[in-house]
Amino acid sequence: MCKSPLHPFLLQLPKVEQHLHLEGSLSPELLFHLAQKNSISLPSPSLDPAFTSPATLLARYEKFTSLDDFLHYYYIGFTVLITVSDFEELSYAYLSRAAREANVKHAEVFFDPQVHVARGVEIETIVTGWERALRRLKDEEGVDITASLIPCFLRHLDLEDSDRCLGLLLDGDGKGRQEPRLVGIGLCSTEVAKPPSTWKSIFDIAREKGIRRTAHAGEEGPAEYVIAALDDLQVERIDHGVHAADDEKVMERLAREKILLTVCPVSNVQLKVKEKLEDVPLRVFLDKGVRFSLNSDDPAYFGAYLQEVYCRVQEAFGFTVREWEVIAKNGIEGSWCDEGRKKAVLKEIDDVVGAWVRREKEGESELVN
């Protein structure tokens, strides 16, 4: 919990999350549980002491030295996810926590189909588990949340593998449209020396078929990768994008074209992209009119789910209520949910901000403006 006077406001503020990897919400406790359930052998503690217990694994997660160091442990986690019920349990844990702890109203969640398919796990298994979890929350428990999945292509695999995966993602109605339960496509994994243009042919096919597009760019890579993602892949959003702040012209374009960055500030610090939270260019983006949302990325590995991300950002930057209003509204306006849902969430934001402003007006609080 943050110590800011705005903590109650941040709890109440309706949120969206657009940069969350489903597999990155696999807690050490759930990882060990599913490994036992599915008779999966984890690395021996004699070779890697991190796998002695959930507690020692969590402690190791706090010491990542780079994106590649993180990915080593990240992909070990995939091995325990086998059945529909596994993905339901994983999805339910994330969605329930997001809705109840952080007041997330809409989430667009990445998953990595190529790794799962290579293990013999069908995309249908993942999507069915996800749908069961969402239905359980919405229909059986009455939780007010909407959510969609975004399959991500992986930079560390070759283009041919991405092409085969795209074929699996297209439905079988003969019209070549994407499987309707998936809201778009993305591009992720290690960015160094892997420019977005490599995946142009994949994204061209997606664009021609009316599939929405986003890509990780400007995390490890330079600001030029942000431009390449916009021009070569014609993406509608940029995931991460923090190195866009290194180039004034890139920021000007992002602001002019109202491109949303799905920024993950805690992740940036944990993976040594930035030394400390204050170095993540959120204030620069806000002042330059660059739209961004705040996200948790892989919260089970980085130690901060979305509410904690909001709290840490507030302690680092001291945003006002009106600045949080801008951040929250930019997030929902940059979402890929339907217009009715956008309007409903925007109204909820207005109601929360309005109530807080009225409450603070008597004291003419500087936290409002």
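In this numbering scheme, every chain counts its residues from 1 along its sequence in written order. With pLDDT at 70 or above as the cut-off, local features in this predicted model cover only qualifying residues; side-chain atom pairs require 80 or more to be listed or tallied, and sums for whole chains, interfaces and linings still use all residues. Based on all heavy atoms of the structure, the side-chain values leave hydrogens and waters out of the count.

### Some thoughts on the packing of helix α16 (residues 321-333) against helix α17 (residues 339-361)
Axis definition: a line fitted to C-alpha atoms, limited for helices to the stretch in contact. Angles are taken between N-to-C directions and run from 0 to 180 degrees. Helix and strand assignments come from DSSP, with helices taken as H or I runs of at least 4 residues and strands as E runs of at least 2, each series counted from the N terminus. One way to put it is that α16 packs onto α17 with a least axis distance of 10 Å and a crossing angle of 175 degrees. One finds that α16 runs roughly antiparallel with respect to α17. Along its contact with α16, which presents V321, R322, E325, A328, K329, I332 and E333, the element α17 presents K342, V345, L346, I349, D350, V353, W356 and V357. Angles below 35 degrees are treated as roughly parallel, those above 145 as roughly antiparallel, those between 65 and 115 as roughly perpendicular, and all remaining angles as oblique. Contacts were defined at the residue level, with two residues in contact if any of their heavy atoms lie within 4.5 Å.

### A closer look at the sheet that holds strand β2 (residues 104-111)
Only strands joined by at least two bridges in the DSSP assignment are considered to pair. Sheet architecture is open: eight strands sit in the order β1-β2-β3-β4-β5-β6-β7-β8, paired in parallel fashion. What marks the edges here is a single partner per strand, and that holds for β1 (15-21) and β8 (292-294). Averaged over all pairs of adjacent strands, the angle between their axes in this sheet comes to 25 degrees, without regard to strand direction. Here strand β7 (residues 260-263) pairs with β8 via three bridges, running parallel. Each bridged residue has a counterpart across the sheet, and for T262 the counterpart in β8 is S293. Its contacts with the sheet put helix α10 (residues 223-231) on β5 (212-217) and β6 (237-240), and the angle it makes with β5 is roughly 165 degrees.

### Describing the packing of aromatic side chains
In this analysis, rings of Phe, Tyr and Trp, with Trp reduced to its six-membered ring, are considered paired at centre separations within 6.5 Å, and the interplanar angle assigns stacked below 30 degrees, edge-to-face beyond 60, and tilted for intermediate values. All chains considered together, the criterion is met by 19 aromatic pairs. Taken together, a centroid distance of 5.9 Å and an interplanar angle of 75 degrees make the contact between Y74 and Y301 edge-to-face. Taken together, the residues span a long stretch of sequence, with Y74 in helix α4 (residues 67-78) and Y301 in helix α14 (residues 299-302) at a distance of 227 residues. Each of the two residues, Y74 as well as Y301, counts as buried. On the numbers, 6.4 Å between centres and 50 degrees between planes, the contact of F285 with F292 is tilted. F292 shares its class with F285; the two are buried. Put simply, the rings of F51, Y61, F64, F70, Y73, Y74, Y75, F78, Y301 and F302 pair up and form one aromatic cluster. For a Lys NZ or an Arg CZ to count as sitting over a ring, it must be within 6 Å of the ring centre and within 35 degrees of the ring normal. The positively charged end of R97 is found above the aromatic ring belonging to Y305, 3.8 Å away from the centroid. Over the face of the ring belonging to Y92 we find R136, whose NZ or CZ atom lies 3.6 Å from the ring centre. Each residue gets one of three labels from its accessible area relative to the maximum for its type: buried under 20%, exposed over 50%, partly exposed in between, using a 1.4 Å probe on protein chains only.

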